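# Inside the fold
Listed here are the chains, written in short residue letters.
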Amino acid sequence: GSDGLGSINVTSETDNESTIIKAKLHQQVVGLNKSVTFTINYSTDSFAIKRGKIWDVSIPQIETSEDVASYQVTIAVPGSFGKLVKITPTPVSQSETGGAKTYVFTKDTLNNSRIGASFGDYQQFKFTLKYRYKNDKVYAVKATIALPPDTQYQALYYKNIDPRPIELRTDFDGNYLADYIIKPGKKLEVIASGDVKIIDSDIPLQKPKTWTDSELEKLTLSDKYLEVGNQQIQKKAKELKNIEEIYNYVVSTVKYDFTRLETNKYNRRGALATINQPDKSICVDFADLFVALARAKGIAARGLVGYGYSDDTSKRPTKIEGLVNSTVLHAWAEYYDKVGERWIQVDPTWGSTTGGVDYFHRIDTNHFVFVINGVSSTLPIPAGGYKTSVNQTDDVSVKFSDEKLFDSTVPDISLSLEQIVSG
């Protein structure tokens with residue numbers, strides 16, 4: 001710390017999540033229109049973190065009293081971070097000098113929200129997923145597993161699926177379904193491994209499918225855990241003007257109950273139970289209520305289940321209490337934007353638990369979709385849900401990766417024989 005007369009002594013006291021900084025100034029100034037200018041500098045390594053191929057910048061929400069008339073936040077990012085993928089909220093100005101980028105925010109533009117930005121081309125995870133089946137019947141049965149799908153925002157690069165399925169197909173929502181035949185009394189263990197590329201951009205990885213009105217209508221219907229026709233759900237949907245108000249309602253009303261993971265009570269309750277007991281919820285309840293309210297409003301919406309990476313597992317849990325090797329799958333949602341003709345992902349759970357991070361206008365690259373639950377709210381079952389014993393906890397492994405991806409769409413084929421004879 002320093003003021004106009006030199007260095008000043010600065011001390012800090014931390015209580016829970018708050019820190020009080022005290023500085024004794026050299027100048028004792030009292031009176032109308034009199035002021036002292038002083039500076040306090042500090043360093044922290046938590047504002048910018050590189051995960052895999054992406055630099056994430058997160059500036060916490062600034063808490064101020066009514067006495068603060070204005071303030072300005074300036075973020076200077078080195079050119080080595082790469083290109084800007086997305087930034088929220090919109091800065092009042094931005095500039096670039098020698099590769100370094102500068103973004104300026106004011107009190108009015110921040111509007112009591114955090115600043116979030118990501119830099120880089122894409123995120124990449126390396127994954128290994130295990131699927132297990134046991135056939136207790138006296139005849140052969142067909143088993144089907146759901147492999148993570150390609151979407152507008154993620155591209156799969158499968159290195160191995162062992163054993164190979166007898167058939168690989170897609171369902172209505174775009175999930176990859178692999179079929180196997182299991183002989184009587186036999187077990188099946190499938191291991192799928194590879195990499196996934198995830199982007200945080202409004203420009204999709206592949207050309208989005210054109211959805212017809214009749215197809216979208218199927219994604220506005222009631223289903224198990226999605227009580228769209230219920231009067232209480234309908235009434236609340238009419239009170240909310242648009243999809244953003246639905247998101248804000250779920251974020252501000254539903255509360256995460258961390259004790260349900262500690263006591264292994266993570267059973268799915270559904271949208272109606274969530275609206276009646278909002279303080280007893282986990283991620284799937286947030287997603288179910290969002291999807292049900294959106295559908296009641298006539299907006300096509302679907303549930304997503306997969307892996308959500310989090311630095312702060314106390315606010316975004318990824319482990320179950322008492323199970324060392326367990327992984328908690330995450331649930332979020334997406335709705336169809338007819339104007340942009342694309343699906344937009346939102347995460348009301350993390351919007352609620354992180355205290356101000358905007359997961360409506362911006363979904364980060366740490367969300368890896370395993371399955372899309374559209375026409376069915378319960379099927380297909382995601383990786384991690386195929387077990388023959390409760391002790392099997394090594395079925396999901398997802399790690400950041402910086403390896404080079406095979407990204408060629410044209411195979412290089414050569415034939416060295418001088419003469420070819422058919423027969």
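Note that the structure is predicted; figures quoted are calculated from it, not measured.

Calculation rules
- Residues numbered from 1 in each chain as written.
- Predicted model: local features only at pLDDT ≥ 70, side-chain atom pairs only at ≥ 80, totals over all residues.
- Heavy atoms only, no water.
- Patch = residues over 30% accessible without salt bridge, like charges linked within 9 Å, V, L, I, M, F, W, Y side chains within 5 Å.
- Areas by Shrake-Rupley, 256 points an atom, 1.4 Å probe, with all protein chains shown as cover.
- Salt bridge = Lys/Arg side-chain N within 4 Å of Asp/Glu carboxyl O.
- Helix = DSSP H or I, 4+ residues; strand = E, 2+ residues; numbered from the N terminus.
- Buried < 20%, exposed > 50% of the residue type's maximum accessible area, 1.4 Å probe, protein only.
- Pairing = 2+ DSSP bridges.
- Core = buried A, V, L, I, M, F, W, Y, C linked by side-chain atoms within 4.5 Å.
- Contact = heavy atoms within 4.5 Å.

### Observations regarding a nonpolar patch on the surface
On the surface, Val-10, Ile-21, Phe-38 and Ile-40 cluster together into a nonpolar patch covering about 310 Å² of accessible area. Relative to the helices and strands, Val-10 is located in strand E3 (residues 10-15). What makes Val-10 partly exposed here is its relative accessible area of 32%.

### Thoughts on the pairing of E3
With zero of six residues buried, E3 is to be regarded as a mostly surface element. Strand direction decides the pairing type here: E3 and strand E4 (residues 18-23), joined by six bridges, are antiparallel. Note that in E4 the partner of Thr-11 across the bridge is Lys-22. The antiparallel pairing of E3 with E4 creates a hairpin that spans two residues between the two strands, and Asn-16 there sits at a positive phi of about 55°.

### Here we look at the nonpolar core
Ile-233, Ile-243, Val-250, Leu-289, Phe-290, Leu-293 and Tyr-335 are the most contacted members of the largest nonpolar core, which has 40 residues in total. Among the secondary structure elements, those contributing two or more residues to this core are helix H3 (231-239), helix H4 (243-253), helix H6 (271-276), helix H7 (283-296), strand E20 (330-337) and strand E21 (342-346). For this core, the element with the most residues is H7, which contributes 11 residues. Among residues more than four places away in sequence, those in contact with Ile-243 are Phe-290, Ala-294, Ile-299, Tyr-335 and Phe-360. By size, the runner-up hydrophobic cluster in this structure holds 29 residues, among which are Leu-129, Leu-147, Val-190 and Tyr-386.

### Examining the sheet that holds strand E2 (residues 6-7)
Two orientations exist for strands paired in a sheet by backbone hydrogen bonds: parallel and antiparallel. If you walk across this open sheet you meet the three strands as E2-E1-E5, and the pairing is antiparallel. The strands lining the two open edges of the sheet, one partner per strand, are E2 and strand E5 (38-39). Bridge count for strand E1 (residues 2-3) against E2 is two bridges, and the pairing is antiparallel. When the bridges of E2 are listed, Ser-2 appears paired with Ser-7.

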